Amino acid sequence: MNEGMERTPLTRDFFDRPVLDVAPDLLGRILVRTTDAGPMELRLTEVEAYAGEIDPGSHAFRGRTARNSVMFGPPGHSYVYFTYGMWHCLNLVCGPEGRASGVLLRAGEIGIGAEQARKRRFSARNDRELAKGPARLATALDVDRALNGVDVVAGPQGPLSVLTGTPPPRDQVRSGPRTGVGGDGSHQPWRFWIDGDPTVSPYRAHVPRRRST
């Protein structure tokens, strides 16, 4: 792939596909976050697929709500949610409109704009840890609910966009169970990552919460 193609924005057709096709195909793509301080770029190295109403691990499993309504809209938009009362996570909506599905962006390597990320992720021991995990990724890129519903294929002038980048060879893509997903959704191998990349987050199995007595 030549340098010009690497900088080509992804189209809506890229996202208008089944989530299990889109998710691994996002590896190696470049997420661009434009802030008042300048652009930031992150090469995606780890993602997870969530298949909406057929997926017990998805926020949309029980249908449409005010929180997850973006997932039912057109593909190529951001879905940002707030979790554990302190963290945001960034997803990209895919599949046909009306069928909720999305890809959680779990980890990546920040190139351009790393100095911005270091200020937000001051606890990171090195640059490999700046976006190593979905909450860290959102924090490093200054992503919160204000970016929920952003059209990521509207053009580079927007706050979020995705460039073609350089996808890894297929034999370097690995899959396994999703991190922290329990119950009936715990066994699908819908987490995808680039083998051996140091920015990929460690896998953690779901730990059921104990009820207080």
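The numbers attached to residues start from 1 for each chain and follow its sequence in the written order. Reporting of local features is limited, given that this is a predicted model, to residues whose pLDDT is at least 70; pairs of side-chain atoms are given and counted only at 80 or more, and all residues count toward the totals for whole chains, interfaces and linings. The basis for every side-chain value is the complete set of non-hydrogen atoms in the structure, without hydrogens or water.

K.L.:
Looking at this model, I keep getting lost on the packing of aromatic side chains. Mind explaining?
P.N.:
Pairs of aromatic rings are described using the distance from one ring centre to the other and the angle between the two planes. When two rings of Phe, Tyr or Trp (its six-membered ring) have centres within 6.5 Å they constitute a pair, described as stacked for plane angles under 30 degrees, edge-to-face for angles over 60, and tilted for the intermediate range. The final tally for this structure, using the stated rule, is 2 aromatic pairs. With a centroid separation of 5.1 Å and 75 degrees between ring planes, the pair formed by Phe 14 and Phe 15 is classed as edge-to-face. Here Tyr 79 and Tyr 81 contribute two aromatic rings whose centre-to-centre distance is 5.7 Å and whose plane-to-plane angle is 40 degrees, an arrangement assigned as tilted. Of the two residues, Tyr 79 and Tyr 81, both sit in the buried class. When the ring centre of Trp 193 is taken as reference, the NZ or CZ atom of Arg 191 above it lies at 4.2 Å. Whether a residue is buried, partly exposed or exposed follows from its accessible area with a 1.4 Å probe, protein chains only, as a fraction of its type maximum: under 20%, in between, or over 50%, in that order. The rule is short: NZ of Lys or CZ of Arg within 6 Å of the ring centre and within 35 degrees of the ring normal puts a charge over the ring.

K.L.:
I'm lost on the environment of Arg 43 in this one. Help?
P.N.:
Helix and strand assignments come from DSSP, with helices taken as H or I runs of at least 4 residues and strands as E runs of at least 2, each series counted from the N terminus. Relative to the helices and strands, Arg 43 resides in strand 2 (residues 38-50). Residue contacts for Arg 43: discarding those within four places in its chain leaves Gly 28, Arg 29, Ile 30, Ala 107, Gly 108, Glu 109, Ile 194 and Asp 197. Contact between two residues is taken to exist if any of their heavy atoms lie within 4.5 Å; hydrogens are not considered.

K.L.:
Would you mind going over the pattern of salt bridges with me for this structure?
P.N.:
For side chains of opposite charge, pairing can occur when their charged atoms come near one another. Salt bridge, as applied in this entry: a Lys or Arg side-chain nitrogen positioned within 4 Å of an Asp or Glu carboxyl oxygen. One pass over the full model with this rule turns up 15 salt bridges. With a shortest N-O distance of 3.0 Å, Glu 109 and Arg 43 are connected by a salt bridge. On the criterion of sequence distance, the pair formed by Glu 109 in strand 5 (residues 102-110) and Arg 43 in strand 2 is long-range, its members being 66 residues apart. One salt bridge in this structure joins Glu 48 and Arg 106, with 3.8 Å as the shortest N-O distance. One end of the pair, Glu 48, is in strand 2; the other, Arg 106, is in strand 5, with 58 residues separating them in the sequence. Here Glu 48 and Arg 106 have matching classes, each one buried. Linked by salt bridges that have partners in common, Glu 46, Glu 48, Arg 106 and Arg 191 make up one network.

K.L.:
Sorry, what's going on with the environment of Gly 149 here?
P.N.:
Structurally, Gly 149 is set in the loop between helix 5 (134-140) and strand 6 (160-163). The exposure class of Gly 149 is partly exposed, given its relative accessible area of 28%. If we ignore the near neighbours within four places in the chain, the residues touching Gly 149 are Val 70, His 77 and Ser 78.

Take it as geometry only, folks, not as evidence of what the structure does.
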